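Observations on the model geometry
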Amino acid sequence: MSDNATIARILGEIADLLDISGDNPFKVRAYRNAADIVGHAAEQVAAMDDATLRTWGGIGKDLAQRIHEIATTGDCAVRRDLAATYPLTLLDVLALQGVGPKTASRLFTELGVSSTPEVEAAARDGRIRALKGMGQKKEALILQALAERQQHAGRHLLADASAAVHALLDWLHAQREGLDLQPVGSLRRGTDTCGDVDILAVGADRTVLDLFVACPNVARVLAHGDTKASVLLDSGLQADMRAVDPAARGAALQYFTGSKAHNIALRDRAIAQGCRLNEYGLVRVADNIRLAGDTEDGIYRALGLDMIPPELREDRGELSAADAGHLPSLIAVSDLRGDVHMHTTESDGRDDLETMAHAARARGLSFIAITDHSKALAVANGMDEERTLAHAARIRALNRPGHIFTLLAGIECDILADGRMDLDDDCLKALDVVVASVHLHLGQDEETMTARIIRAIEHPWVDIIGHPTNRLLLRRAASHVHIEKVIDAAAANGVALEINAQPDRRDLSETHARLARDRGVRLVINSDAHATAQLAHPAWGVLTARRAWLTPDDVLNTRDVHSFRRALKRHR
Ligand code: DGT
Ligand code: CA
Ligand code: CA
Ligand code: ZN
């Protein structure tokens, strides 16, 4: 039986192939919608009967049948038929930024191009610009998209790497009790993306490595020795496991967590103190006495440093801060009391207002803001002024005097191409909080985009700028924006900048968030949830915040609702 992720992937492939083939848009949408529903389902879809499946929105009889076929056989006839016409590698072409289904279809039918290397060759030979209506500009865009793809090749979102490792560890723990398995490397440091994942098996013999290579989600074994094994997982992610001696647990944790730059700086410090540092321990050279290595903080202490949290280990000043006893008290997920960017079925969310509120409260939050889209985002069923105010009334009606949980009526208002707000001032003024975001016209030049965002910052009723650079990790570069000017304008106007915590956004980035804090800007960490499960997103934003050296004080939604509201621009 196939798992939800596999079923969702195949449904998504069918949607893309139908789209390329120019099939009925409603049919395409139905498959895409089904992929989305299955991908987000908490229950195993493969185990459901037809009737249950069909009680879900948008899944009709035919689709329910397809889903069953995929669940039981791992594939379906519709996909096989489409794949007979269109090579599956054409989906990589479709995934390129700037290549839609029409372009992919034309590249295939008119140029016989069906894979990314073939696209590259066609672009370099000037064959794409020769196609009617494409031109040199389109060709240059495609070449740029190819270059970006190359840059990301083989990297994975932290959230995906993390899910893969947890599945792996859960399975291993279920096979054998008492294993001491520790994720290290970039995963432990909380970076945006991971090249591969690294796991230490402390005190384990090679039979644990034998178990590791036998994990159900291992696609291929790359290496399998006495102390180290490497595998390729189904998702294409490489995982390395090393067996280490319990006496060297701390040294191994330190060494394999990295980063390389941090390790080099730390080793230089050890050398300056007459010591040798490696994955086995810290040894004084003069008398060969081992000073530390059992525990990780023992190593830092022996070198005269406070314990440095993994997220800071990038050689960005953490050694001197630890030396001076000035490491920041980093923010943690448990510090967050509010979440002020989320969507409901009123615009493009999957869950309704009451369901979102209930789930947020169940997660232990004490306040949220509902921020559905404004009308410029028609594809997301954005609201005009009238709907916004009616929605605000429904949101506020859920508040009961004396309750400890508060709903704020907000909006994610589009910043129009020229920097004006999508809704009029009276409407924005009547809300509790306004998040203003850019969603359209992302290709503007730096001067235009910077002026556009600054104009929004200067608007009297804008409190927070959402996902300020619009980057999508591994997919889309940040828009052209002079971030220092935006940060200075935010500081001058008392506008907060968002760390949008969607795992493929993490926007502001860690470096920008650190700069913003240093220039006196307050940050807000938001889920931007479009479904209840996504209320867990802030964990990724908190990792970005920690990597930006932020403390709870730097982040507005660590405060209680009253203090949070007083800190918003509209109340200052
Ligand atoms: P990634 O996999 O590209 O996301 O980044 P990392 O940091 O996980 O890098 P990886 O997997 O190559 O190595 C894991 C850690 O092991 C790395 O952060 C530091 C340590 N390490 C690995 N090779 C070396 C090395 O040649 N020299 C030093 N100093 N440390 C190393
Ligand atoms: Ca790694
Ligand atoms: Ca590695
Ligand atoms: Zn948005």
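Residues numbered from 1 in each chain as written. Chains lettered and ligands numbered in written order. Predicted model: local features only at pLDDT ≥ 70, side-chain atom pairs only at ≥ 80, totals over all residues. Heavy atoms only, no water.

**Here we look at the overall build of the protein**
For the protein, the count of helices and strands is 24 helices and 17 strands. Here the C-alpha atoms of the protein give a radius of gyration of 26 Å, agreeing with the 25 Å that 2.2 N^0.38 yields for 572 residues. Each principal axis of the C-alpha distribution contributes one length, and for the protein these read about 75 × 65 × 55 Å. Relative to its full complement of 572 residues, the protein shows a buried share of 53%. Contacts in the protein between residues far apart in sequence, at least 24 positions, make up 66% of those at least 6 positions apart. For the protein, the exposed area adds up to about 25,000 Å²; of that, 50% sits on carbon and sulfur atoms. (Helix = DSSP H or I, 4+ residues; strand = E, 2+ residues; numbered from the N terminus. Rg over C-alpha atoms; globule rule 2.2 N^0.38 Å. Buried < 20%, exposed > 50% of the residue type's maximum accessible area, 1.4 Å probe, protein only. Contact = heavy atoms within 4.5 Å. Areas by Shrake-Rupley, 256 points an atom, 1.4 Å probe, with all protein chains shown as cover.)

**Points about the pattern of salt bridges**
Per the counting criterion, the structure on display carries 41 salt bridges. Sharing partners across several salt bridges, the network here consists of Arg 9, Glu 13, Asp 75, Arg 79 and Arg 80. (Salt bridge = Lys/Arg side-chain N within 4 Å of Asp/Glu carboxyl O.)

**Overview of the packing of helix α2 (residues 25-40) against helix α4 (residues 61-73)**
Two numbers describe how α2 lies on α4: the axes approach to 11 Å, and their chain directions differ by 55 degrees. Taken as axis vectors, α2 and α4 run oblique relative to one another. Here α2 runs over α4; the crossing is right-handed. On α4, the residues that touch Ala 30, Tyr 31, Ala 34 and Val 38 of α2 are Leu 63, Arg 66 and Ile 67. The residue makeup of the contact of α2 with α4, split by class, is six nonpolar, no polar and one charged. (Axes fitted to C-alpha atoms, helices over the stretch in contact; angles between N-to-C directions. Parallel < 35°, antiparallel > 145°, perpendicular 65-115°, else oblique. Left-handed = near helix turned anticlockwise from the far one by under 90°. Nonpolar A, V, L, I, M, F, W, Y, C, P; charged D, E, K, R; others polar.)

**Details of the coordination of the calcium ion (ligand 3)**
Surrounding the calcium ion (ligand 3) are the protein donor atoms Asp 196 (OD), Asp 196 (OD), Asp 198 (OD) and Asp 240 (OD), at 2.2 to 2.8 Å. Linear spacing of the donor residues for the calcium ion (ligand 3) on their chain is D-x1-D-x41-D. Between the two metals, the calcium ion (ligand 3) and the calcium ion (ligand 2), the spacing is 3.8 Å, and Asp 196 donates to both. (Donors = N, O, S within 2.8 Å, 3.2 Å for Na, K, Ca; no water.)

**A short note on the coordination of the calcium ion (ligand 2)**
Taken together, the protein donors to the calcium ion (ligand 2) comprise Asp 196 (O), Asp 196 (OD) and Asp 198 (OD), at separations of 2.2 to 2.7 Å. Viewed at the metal, the six donor atoms of the calcium ion (ligand 2) are separated by angles of 68 to 167 degrees, and the geometry they form is irregular. Judged by its relative accessible area of 23%, Asp 196 is partly exposed. (Tetrahedral: all angles 85-135°; square planar, octahedral: opposite > 155°, others 65-115°.)

**A look at the sheet that holds strand β17 (residues 523-526)**
In spatial order, the strands read β11-β12-β13-β14-β15-β16-β17; together these seven strands make up an open sheet with parallel pairing. The open sheet has two free edges, formed respectively by β11 (338-339) and β17, since each of these has just one partner strand. In this structure, strand β14 (residues 433-437) lies alongside strand β15 (residues 464-465), joined through two bridges in parallel fashion. The partner of Ala 436 across the bridge, within β15, is Ile 465. (Pairing = 2+ DSSP bridges.)

**Some remarks on helix α21 (residues 483-493)**
Residues of α21 that are buried: Ile 483, Val 486, Ile 487, Ala 489 and Ala 490. Projected onto a plane normal to the axis of α21, the buried residues spread over an arc of 165 degrees and lie on a single side. Close packing links the buried residues of α21 with α20 (446-457), β16 (496-500) and α22 (510-518). In the stretch just after α21, Gly 494 is the one whose phi turns positive, near 70 degrees. (Arc of directions from axis to C-beta.)

**Points about the side chain of Asp 75**
Secondary-structure assignment places Asp 75 in the loop between α4 and α5 (77-85). A relative accessible area of 14% places Asp 75 in the buried class. Among the polar contacts made by the side chain of Asp 75, one reaches the side chain of Arg 79 at a distance of 2.9 Å. Contact partners of Asp 75, with chain neighbours within four places excluded, come to Ile 10, Glu 69, Ile 70 and Arg 80. (Polar contact = N/O pair within 3.5 Å; in protein donor to acceptor, adjacent residues only side chain to side chain.)

**Points about the sheet that holds strand β6 (residues 228-233)**
With mixed pairing, five strands are arranged side by side in an open sheet as β2-β4-β7-β6-β5. On the outer flanks of this sheet lie β2 (180-184) and β5 (218-224), each paired with one strand and no other. Neighbour-to-neighbour, the strand axes of the sheet open up by a mean angle of 25 degrees, direction not taken into account. Strand direction decides the pairing type here: β2 and strand β4 (residues 196-202), joined by five bridges, are antiparallel. Looking at β4, one finds that Gln 182 is bridged to Leu 200. Here helix α12 (residues 206-213) sits on the sheet and contacts β4, β5, β6 and β7 (238-244); the angle it forms with β5, its principal contact strand, is near 145 degrees.

**Topic: the domain arrangement of the protein**
Split by domain assignment, the protein resolves into domain 1 (4-151), domain 2 (156-244), domain 3 (248-324) and domain 4 (333-571). The C-alpha-based centres of domain 1 and domain 3 are spaced at 48 Å. (Domains from an automatic or database assignment.)

**Considerations on the environment of Ala 286**
Within the element layout of this structure, Ala 286 appears in the loop between β9 (281-284) and β10 (289-292). A relative accessible area of 77% places Ala 286 in the exposed class. Between the alpha carbons of Ala 286 and Lys 61 there is a distance of 77 Å; along the sequence they are 225 residues apart.

**Observations concerning the nonpolar core**
In terms of nonpolar packing, the biggest core is built from 58 residues, with Ile 368, Ile 465, Leu 497 and Ile 525 touching the most fellow members. In terms of nonpolar packing, the next biggest core, distinct from the first, is built from 49 residues, Ile 20, Ala 64, Ala 71 and Met 134 among them. (Core = buried A, V, L, I, M, F, W, Y, C linked by side-chain atoms within 4.5 Å.)

**Examining the pairing of strand β8 (residues 275-278)**
Of the two faces of β8, only the one carrying Cys 275 and Leu 277 is buried; Arg 276 and Asn 278 on the other face are not. For β8 and β9, the ladder comprises four bridges, and the chain directions are antiparallel. By the bridge assignment for β9, Asn 278 is matched with Gly 281. Connecting β8 to the next strand, β9, in antiparallel fashion are two residues.

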